[in-house]
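# Per-entry structural report
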Amino acid sequence: MDLGNIASLDFFYPEAILTGTILLVVLLDLVLTNKRALGLVALAGCLLSLWATLQLYGTSGGWLFHRMIVLDNFSLFFKLVSLFAAILVLWMSRGSREVGEVHQGEYSAILLSSTLGMFFMASSTNLLMAYLSLELVSLTSYILTGFLPHNRRSSEAALKYLIYGGVASGTMIYGMSWIFGMAGSLDYARINQALLQGEANHLGLFIAFVFILAGFGYKIVFVPFHMWSPDVYQGAPTPITAFLSVGSNAAGVAILIRFFFPAVSRLGDDGNWMFLSGVEWPHFLLMVSMVTMTLGNLCALNQQNVKRLLAYSGIAHAGYILMGLVVLNNEGLQAMLFYIVVYLIMNLGAFLVVVIVANATGKEDIESYRGLAWRGSAIPAVCMAIFLFSLTGLPPLAGFVGKFFLFAAVIKQQFYLLAVVAVINSVISLYYYARIVKTMFLDFPQPSDGQVKMTAEAAVLLGLLSSMTLLFGIYWGPLVAFTNHSLSFFVK
Amino acid sequence: MTDHVLTYMTFFPLAGMVVVLLLPRERHDLVRWASALFTLPPLLLAVWLYRNFDPVNPGLQFVEKAAWIPAYNINYFVAVDGISISMVLLTALLTFLCIFASWGIDKGVKGYFALFLLLDTGMMGVFVALDFFLFYIFWEVMLLPMYFLIGIWGGPRREYAAIKFFLYTLFGSVLMLLAILALYFSSEPHTFDMTQLIAQSSRYGTTPLHFWPFDHLRWGFQHVVWMALFIGFAIKIPAFPFHTWLPDAHVEAPTAISVILAGILLKMGAYGILRINYPMLPEATADLAYYFLGALGTWNIIYGALCAMAQKDFKKLVAYSSVSHMGYVMLGMASFTPQGISGAVLQMFNHGTITGMLFLLVGVIYDRAHHRDIDGFGGLAAVMPVYTGVSVLAFFASMGLPGLSGFISEVLVLLGAWQKYPLLSALGASGVILTAGYLLWTIQRVYLGATNEKYKAMPEINGRELFTLVPLGIIVIILGVYPNALLDLLRASLDQLNQLVIPHLS
């Protein structure tokens, strides 16, 4: 299926609904006096778009808008992930005191624009489209990061983010120009044909890939493109930090997989992808993965600010996710998709607790979690412990199953060194996650530490996320089936 | 009912945890009795299991199997055989008694008992699981409650002890996870089923791998997997040099948790080696365990005894005596003789009961005096005659006095080991003298001599405390006189296990 502009609109409802909602929110912002209702409108738009996306899931797929974007289960999977992230973050924002002080209309509209950008990141099959969608997500992220007025950290973070982002995307587009020069096209399918048939220079390809990885890697937060993340995570409003940590990470993985598989790998007869032979890619990715997870974990050990700690843990998790790419086969990809889903759940949960505690104390350092289990309700502390132990990868929690699949993919291809480095990293990560747990449970509150209360909305969300973390740790068959099913690309 | 006896034994405490969590927070006694109520059925079922276990059958009994995640061939598969039956009985008994030993906990009572019951499920699960994936889940599930039980309800250095225990054990278990995956992908069709992995043990290659810097060791795939598993288990045993978490964790943990740690958790290491390393990787076992494991065990015996002798803290002394006694288990296992290996498993059970008693006894005086300094007591025999009587029984059992259970298992171990390693057995036997040395010296300092003025009015051991000690004391005496009560159950399975490894011994 190769559809033109008008015919494509039939398969474009999710994006169209989202665009309509953005416009509606901006318009309503001018007339409504109750600004909190705007968040509800945005939420409703997301749910509608979610419904439309689910309607399309499982259809045969095809190219839309003259091969600019593609409709397949893979892109729909990441659209669902972005929408879930957006819905949960909008929900989370309603209870956040920090976000309550900013302009609700712009906040919701820009958040949705970012989600729209992620939709395109997951589905673009043209280098130009890929670049534009990445920039859409980046620009909206810069604004969201600097959204807190009169907050120096927030402004500083936004500026840092902008400069890093500019350099990374500049590098990426330079790499893309190499690919264009070698393949003579921006279209993924034509690039694929050209690279598989022609005698492309392997060194040239390797260099182009490294440049392109700079752009993608900065979204997924690989070393050495990670430097922006701790400052941005700390400075941005907490719900936005949560959104960036899962949403833009997932979209980065989507664009990365879309480029390195349908665009430059050969699809074998057995349905498995084979990377271009002659390009020393697995060992390069292996190094990046090991360095990323190790650096992330070691830097997290000594952090005093929980958001900053979670930023470094996010870097480590990007390293784990990259393990799935090292093996360059379907099992690895499937493990990556699975991990993205569980990472979304557990990381958003952890940030939700950060929001709850920050609402009560106004602080984000580990000190403010002292004796959390003994201050009022123990539920936030218990849920936080569940999320953190899931991030560590302890059974019977979802994070364990995610890591289990990644390890399995790596061991099956006999990358034993990577597996050993990864498990040692898990042990290291236990230390800093357990440090927060220790502060919450093993330390007792001082008289000066106030009670921590949460709103009913936050409690429902917390219950939902923690029970999903437990459920997917014990019975993950359906989720695996879903990710397996989502691993289908439309190539011709 | 009887079809799912192991499932009930494993998950009854978990149901208890849910019930305890639903009870009101202020009703401490209600929470305690509810916990006792939910650990009693597993104990009664254990008695039923003991009576209905077929000692002649070396294979698995009371098997339950159900698909769990069929796409990856993961099953819910539980059963017992001679290797695990004694541990299942011990777990059911000690957890029930430890509920009563925890009666004095008055801070966060609900949380304590909820975590304790979760721990109980994890422990029972490890001993009955025969699917590797399930085994790993139970193995890890134990860690979390243990971390909190030591960390919240422990002594002054509880935070350090808790995280140290957690990090050590997690390090071991992630290595085990890699080994599990390596075995999974080597089997055809891929499976986590332990019985099938054992049946396919010839598939795991022994051709030397080339990986620097281990080239000269000529290790094959099987040896590498063996070592990864062994390190995981050795940390739990704890074998030298991985033992340093143990004194910290034991000393800081509350009394009941020390009993659980010493009585059950340490056995998991030895159990894992017998259950997994021996039958699944017999060639590597023959190459690596022969002499190495025996020597390590002997070193544990001597080193642990010498460390125990140097301790001033009563609880630390018992902790190091555990290191020493677990050495006999390793020495017995390494002998590959019927006496040695059944002595090792018997020693696992006996150490659980005897050391359990010792920790409970330390807990009794700690509750009264609020310190554990061995030199700070003296002449307690005059003040607390009943307590002293029970203590002396436990000390003599630990020392290996004939007529008490510790003697039988140590003699069996030494009899078995003598056939293979005369020198190590001689050294191990001399460990008995060191053990007698530190134990008698402790008796002398704590119970005999002039009564310390401060403790003239120390109250005698009470009924609840006696209730936790007496059953263990009775078992110690019974097994000392009639060890076949337990040995008969183990023999068939252990002989079969031995036969798997012996052909590979060079």
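Sequence positions are assigned chain by chain, starting from 1 and proceeding in written order. By the order in which they are written, chains take letters starting at A while ligands take numbers starting at 1. Where totals are concerned, whole chains, interfaces and linings use all residues; where local detail is concerned, this predicted model gives features only for residues with pLDDT of at least 70, and gives and counts side-chain atom pairs only at 80 or more. Side-chain metrics rest on all non-hydrogen atoms present in the structure, leaving aside hydrogens and water.

Before going further, it helps to spend a moment on the interface of chain B and chain A. Contacts were defined at the residue level, with two residues in contact if any of their heavy atoms lie within 4.5 Å. Contacts between the two partners involve 31 residues from chain B and, on the opposite side, 35 residues from chain A. Note on definitions: buried area is the accessible-area loss of two parts on being combined, 1.4 Å probe, summed for both. Each partner contributes to the roughly 3,100 Å² buried at the junction of chain B and chain A, and carbon and sulfur atoms together form 84% of this total. Of all residues in chain B, Y72, L178 and F185 of chain B bury the most surface against chain A, accounting for 16% of the area lost on that side. Think of a salt bridge as a Lys or Arg side-chain nitrogen and an Asp or Glu carboxyl oxygen that are within 4 Å of each other. Linking chain B with chain A are one salt bridge, by the criterion used here. Two residues, E159 of chain B and K438 of chain A, come together in a salt bridge whose shortest N-O distance is 3.5 Å. Polar contacts here mean pairs of N or O atoms no more than 3.5 Å apart (in protein, one a potential hydrogen donor and the other a potential acceptor; neighbouring residues in sequence count only if both atoms are side-chain atoms). Applying the counting criterion to the chain B and chain A interface returns three residue pairs in polar contact (both at pLDDT 80 or more). Where the side of chain B that touches chain A is concerned, the elements lending two or more residues are β1 (61–69), α5 (132–141), α6 (143–153) and α7 (158–186) of chain B. Class assignment of the residues belonging to the side of chain B that touches chain A gives a composition of 25 nonpolar, two polar and four charged. Secondary structure elements follow DSSP: runs of H or I of four or more residues count as helices, runs of E of two or more count as strands, with numbering from the N terminus. Amino acid classes used here: Ala, Val, Leu, Ile, Met, Phe, Trp, Tyr, Cys and Pro are nonpolar; Asp, Glu, Lys and Arg are charged; the rest, including Gly, are polar.

This part covers the pairing of β1 of chain B. Strands were regarded as paired on the criterion that DSSP finds at least two bridges between them. Bridge count between β1 of chain B and strand β2 (residues 74–80) of chain B: six bridges; the pairing is antiparallel. Of the residues in β2 of chain B, the one forming a bridge with E64 of chain B is V78 of chain B.

What follows covers unusual backbone geometry. Here the bond from V223 of chain A into P224 of chain A is cis, since omega is 5°, no more than 30 degrees from zero. In this fold, P224 of chain A is placed in the loop between α10 (202–220) and α11 (228–235). For the bond from F240 of chain B to P241 of chain B, the omega torsion is 0°, close enough to zero to count as cis. Positionally, P241 of chain B belongs in the loop between α9 (221–236) and α10 (245–252). One non-glycine residue, H66 of chain A, lies in positive phi territory at about 55°. The topology assignment puts H66 of chain A in the loop between β1 (62–64) and β2 (69–71). Here H150 of chain A, not a glycine, exhibits a phi torsion of approximately 55°, which is positive.

Residue and element names in this part refer to chain B. You can see P208 is positioned in the loop between α8 (194–199) and α9. In sequence terms P208 and V224 are 16 residues apart; their C-alpha atoms lie 10.0 Å from each other. Other than its neighbours up to four places away in sequence, P208 contacts R218, W219 and G220.

Here we come to the pattern of salt bridges. For the coordinates displayed, the defined rule picks out 24 salt bridges over all chains. E457 of chain A is paired through a salt bridge with R94 of chain A; the nearest N and O atoms lie 3.2 Å apart. Note that E457 of chain A is positioned in helix α19 (residues 456–474) and R94 of chain A in helix α4 (residues 73–94), a separation of 363 residues in sequence. Across the pair D488 of chain B and R491 of chain B runs a salt bridge whose closest N-O atoms are separated by 3.1 Å. You can see D488 of chain B and its partner R491 of chain B sitting in helix α21 (residues 484–501), three residues apart, about one turn around the helix. The exposure class assigned to R491 of chain B is partly exposed, which follows from its relative accessible area of 35%. Residues participating in the shared-partner salt-bridge network are E156, K160, D231 and R308 of chain A. Only protein chains enter the calculation, and the probe is 1.4 Å; a residue is then buried if its accessible area is under 20% of its type maximum, exposed if over 50%, and partly exposed in between.

A separate point is helix α12 (residues 282–289) of chain B. Burial within α12 of chain B is extensive, with six of its eight residues counted as buried. Positive phi appears at Y291 of chain B, one or two residues downstream of α12 of chain B, with a value of about 70°.

With that settled, the discussion passes to the environment of A236 of chain A. Residues and elements named next belong to chain A. Mapping A236 onto the fold places it in the loop between α11 and α12 (238–263). When the C-alpha positions of A236 and T125 are compared, they lie 31 Å apart, and in sequence the two are 111 residues distant. Excluding anything up to four places from it in sequence, A236 contacts E98, T145, T241 and K307.

The next subject is the domain arrangement of chain A. Residue and element names in this part refer to chain A. These domain limits were set by an automatic method or by a database of domain assignments. Taken domain by domain, chain A consists of domain 1 (1–274) and domain 2 (280–492). Computed from C-alpha atoms alone, the centre-to-centre distance between domain 1 and domain 2 is 22 Å. Contact residues are listed per partner, giving 62 residues for domain 1 and 50 residues for domain 2. Summed over both sides, the interface of domain 1 with domain 2 buries roughly 5,000 Å², with 74% coming from carbon and sulfur. Among the residues of domain 1 in contact with domain 2, F77, W91 and V223 are the three that bury the most area, contributing 12% of the side total.

Residue and element names in this part refer to chain B. The span expected for a helix works out to 1.5 Å for each residue beyond the first. If you check helix α19 (residues 422–446), its first and last C-alpha atoms are 36 Å apart, about what 25 residues at 1.5 Å a residue would give, namely 36 Å. Listed as buried for α19 are L424, S425, G428, G431, T435, A436, Y438, L439, T442, I443, R445 and V446. Buried positions along α19 lie against α13 (292–309), α14 (314–333), α16 (380–383), α17 (385–399) and α18 (405–418).

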